[in-house]
Structures are given as structure tokens and as C-alpha cells.
Amino acid sequence: MDCIFCKIANKEIPSQIVYEDEKVIAFKDLEPQAPVHFLVIPKEHIKSADEVTLENCDIIGHIFSVIPKIAKELGVTNGYRIVNNCGEDGGQTVSHIHFHVLGGRSFAWPAG
Ligand code: 5GP
Ligand code: ZN
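The rules behind the values
Residues numbered from 1 in each chain as written. Chains lettered and ligands numbered in written order. Predicted model: local features only at pLDDT ≥ 70, side-chain atom pairs only at ≥ 80, totals over all residues. Heavy atoms only, no water. Pairing = 2+ DSSP bridges. Helix = DSSP H or I, 4+ residues; strand = E, 2+ residues; numbered from the N terminus. Axes fitted to C-alpha atoms, helices over the stretch in contact; angles between N-to-C directions. Phe/Tyr/Trp six-rings, centres within 6.5 Å; stacked < 30°, edge-to-face > 60°. Buried < 20%, exposed > 50% of the residue type's maximum accessible area, 1.4 Å probe, protein only. Donors = N, O, S within 2.8 Å, 3.2 Å for Na, K, Ca; no water. Tetrahedral: all angles 85-135°; square planar, octahedral: opposite > 155°, others 65-115°. Salt bridge = Lys/Arg side-chain N within 4 Å of Asp/Glu carboxyl O.

> Report on the sheet that holds strand β2 (residues 24-28), specifying residues and quantitative values.
Taking strand neighbours across the sheet as the criterion, the five strands line up as β1-β2-β3-β5-β4 in an open arrangement whose pairing is antiparallel. Edge positions in the open sheet fall to β1 (17-20) and β4 (80-83), since each of these has one partner strand only. Taking each pair of neighbouring strands and ignoring which way they run, the sheet shows an average axis angle of 20°. Judged from the five bridges that link them, strand β3 (residues 36-42) and strand β5 (residues 99-103) form a sheet pairing that is antiparallel. The partner of V40 across the bridge, within β5, is F99.

Written out as C-alpha cells, the structure is:
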């Protein structure tokens, strides 16, 4: 499968990894939108949030359980934003579910 994030998970494409375990990998975004900006993905290929089911949703809880640890390790102390873009209108450009974690500055709401 020609998926850039599967290739990152398999180390076929280099990335700046900030966390890894048997189920997930987190790495710095290539085009950071904040002083701290990393992506957390399941190693399993799930296309988008629209493809999360009762059968595969444990990984989402797992992802949310590692985010606070990584954020702390990267020195984010005053909150952060978690973003999931889903599908075309959601602004998703890579079709492998991922959660952006942005910190180190404050963010406006609602987002564009
Ligand atoms: P999306 O727009 O799908 O929510 O986010 C995709 C993100 O992946 C973008 O923020 C983009 O900068 C990042 N990205 C795309 N290709 C690569 C890559 O090869 N390496 C890394 N580290 N990030 C990437
Ligand atoms: Zn993939």
C-alpha cells in the first residue's frame, strides 16, 4: 500500500520520532504550525476517523493515553490542541488517521 504514514511507521521514510510502542508512533510534523507540533498515528492503517468502529476503536483510547506523556516530555506545560482532520472537507491530506498535537502557543477558537 502506498501510504506515507505506513512507511513512516515501518521506518521506510525517516521522521523525527518522539514516541513509539508496539501499537503507535508519534513524530514531528514536517511543517510545524506551533513551537511543538507532532502527529500520533496507529501503526495499523485506518484511513480516517470516519473508519473508526467498535472493533478498532481501542487504539484511539491508547493514542489519547500517550499524548499527555509526550506533551509533558516535550515541555508543553500550559495546554495544547489536539486536531483530527477527517476527509476532504475536514482538510485531511494524508489518508492514514492521525492526531495533530500542537503546543507552545495559544490558539484561536473557532478554527477557520
Ligand atoms: P492533515 O492535513 O492530513 O491533517 O495532516 C497531514 C500532516 O502531515 C501535515 O501537517 C503535514 O505537514 C504532515 N506530513 C506530510 N508528509 C509528511 C512526512 O513525510 N513527514 C512528516 N513528519 N510529516 C508529514
Ligand atoms: Zn497507512
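> Which residues make up the packing of aromatic side chains, and what are the values?
Under the criterion given, the structure shown has two aromatic pairs. Seen in terms of ring centroids, F5 and F27 are 5.4 Å apart; in terms of plane orientation they differ by 75°. Their pairing is edge-to-face. Taken together, the residues F5 in helix α1 (residues 4-9) and F27 in strand β2 connect sequence positions 22 residues apart. Judged on exposure class, the residue F5 and its partner F27 are both buried. Aromatic side chains F64 and F99 sit 5.3 Å apart centroid to centroid with 75° between the ring planes, which places their arrangement in the edge-to-face category.

> Go over the coordination of the zinc ion (ligand 2), please, and point to the residues and values.
Within the protein, the zinc ion (ligand 2) binds to C3 (SG), C6 (SG), H45 (ND1) and H96 (ND1); these donor distances fall in the range 2.0 to 2.3 Å. For the zinc ion (ligand 2), the four donor atoms in the first shell make angles of 104 to 117° at the metal, a pattern classed as tetrahedral. In the primary structure, the donors to the zinc ion (ligand 2) are separated according to the pattern C-x2-C-x38-H-x50-H. Residue H45 is located in the loop between β3 and α2 (58-73), and its partner H96 is located in the loop between β4 and β5; the two are separated by 51 residues in the primary sequence.

> Break down the pattern of salt bridges for me, with residues and values.
Tallied over the full model, the rule gives three salt bridges. Put simply, K7 and D2 hold a salt bridge, and the shortest N to O gap is 2.7 Å. Three or more residues are tied together by salt bridges with common partners; here these are K11, E20 and K43.

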